[in-house]
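# Commentary on secondary and tertiary structure
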Amino acid sequence: GGDIPVIGPAAIRPMVLDLTSFDRTISDNLPSPPPVIRQGDVVVNTISTHKGAAALVTSEVQNAIASRHVVIVRPKDASLAPGFLALVLNSK
């Protein structure tokens, strides 16, 4: 119930981030350092029926915080397109 957006598993579906499903928290509840999401990251749901679903982070959700049930994948090599990575992670 704070002002900091948190991406949790409910917001992540294959190739889609549901902005209406973000949680909110306050800075006192964050770990140090907080897992800040950046544009171009790929977030992966680690629990529930959508376990393994991956979505690309866009500029509209950058600087949100990842919940403990979300993995942030951040390509180090610029030749790996994050959108392609999300597509591969969602493939069978």
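An account of the accompanying structure is given in this report. Note that the structure is predicted; figures quoted are calculated from it, not measured. Within every chain, residues take consecutive numbers counted from 1 along the sequence as written. Reporting in this predicted model follows two pLDDT cut-offs: at least 70 for local features of residues, and 80 or more for side-chain atom pairs to be given and counted; totals over whole chains, interfaces and linings ignore these cut-offs and use all residues. Excluding hydrogens and water, the side-chain values take into account all heavy atoms of the structure.

Moving on to the overall build of the chain. Of regular secondary structure, the chain possesses 1 helix and 8 strands. Working definition: helices are DSSP H or I runs of at least four residues, strands are E runs of at least two. Numbering for both runs from the N terminus. N-terminal to C-terminal, the α/β element order of the chain is β-β-β-β-β-β-β-β-α. All radius of gyration figures rest on C-alpha atoms, and the globule criterion is 2.2 Å times the number of residues raised to 0.38. In terms of overall size, the chain behaves like a compact globule, its C-alpha atoms giving a radius of gyration of 13 Å where 92 residues would be expected to give roughly 12 Å. For the chain, the C-alpha atoms occupy an extent of roughly 35 × 30 × 20 Å along the three principal directions. Across the 92 residues that make up the chain, the buried fraction comes to 32%. Taking all contacts inside the chain whose residues are at least 6 apart in sequence as the whole, residues at least 24 apart take part in 66%. Under the convention used here, a 1.4 Å probe and the Shrake-Rupley method define accessible areas, while residue burial counts only the protein chains that appear. Roughly 5700 Å² of accessible area belongs to the chain as shown, and the carbon and sulfur atoms make up 55% of that amount. Each residue is placed in one exposure class: buried if its accessible area under a 1.4 Å probe, protein chains only, is under 20% of its type's maximum, exposed if it is over 50%, and partly exposed if it falls in between. Contacts are residue-level and defined by heavy atoms, with any inter-residue pair within 4.5 Å sufficient.

To continue, consider the sheet that holds strand E4 (residues 23-25). Between any two strands, pairing holds if DSSP finds at least two bridges. The 3 strands lie next to each other as E4-E1-E7, forming an open sheet whose pairing is mixed. Bordering the open sheet on either side are E4 and strand E7 (65-66), each of which pairs with just one other strand.

Glancing now at the sheet that holds strand E5 (residues 42-45). Reading across from one edge, E6-E5-E8 is the order of the 3 strands in this open sheet, with antiparallel pairing throughout. Looking at which strands have only one partner, the edges of the open sheet turn out to be strand E6 (54-56) and strand E8 (70-73). The sheet shows a mean angle of 25° between the axes of neighbouring strands, direction not considered. Pairing of E5 with E6, which is carried by 3 bridges, proceeds in the antiparallel orientation. Within E6, the position partnered with Val 42 by the bridge is Leu 56. In the packing of helix H1 (residues 82-90) onto the sheet, contacts are made with E5, E6 and E8, and the angle to E6 comes to roughly 165°. The axes used here are C-alpha line fits, helices contributing only the stretch in contact, and every angle between their N-to-C directions lies in the interval 0 to 180 degrees.

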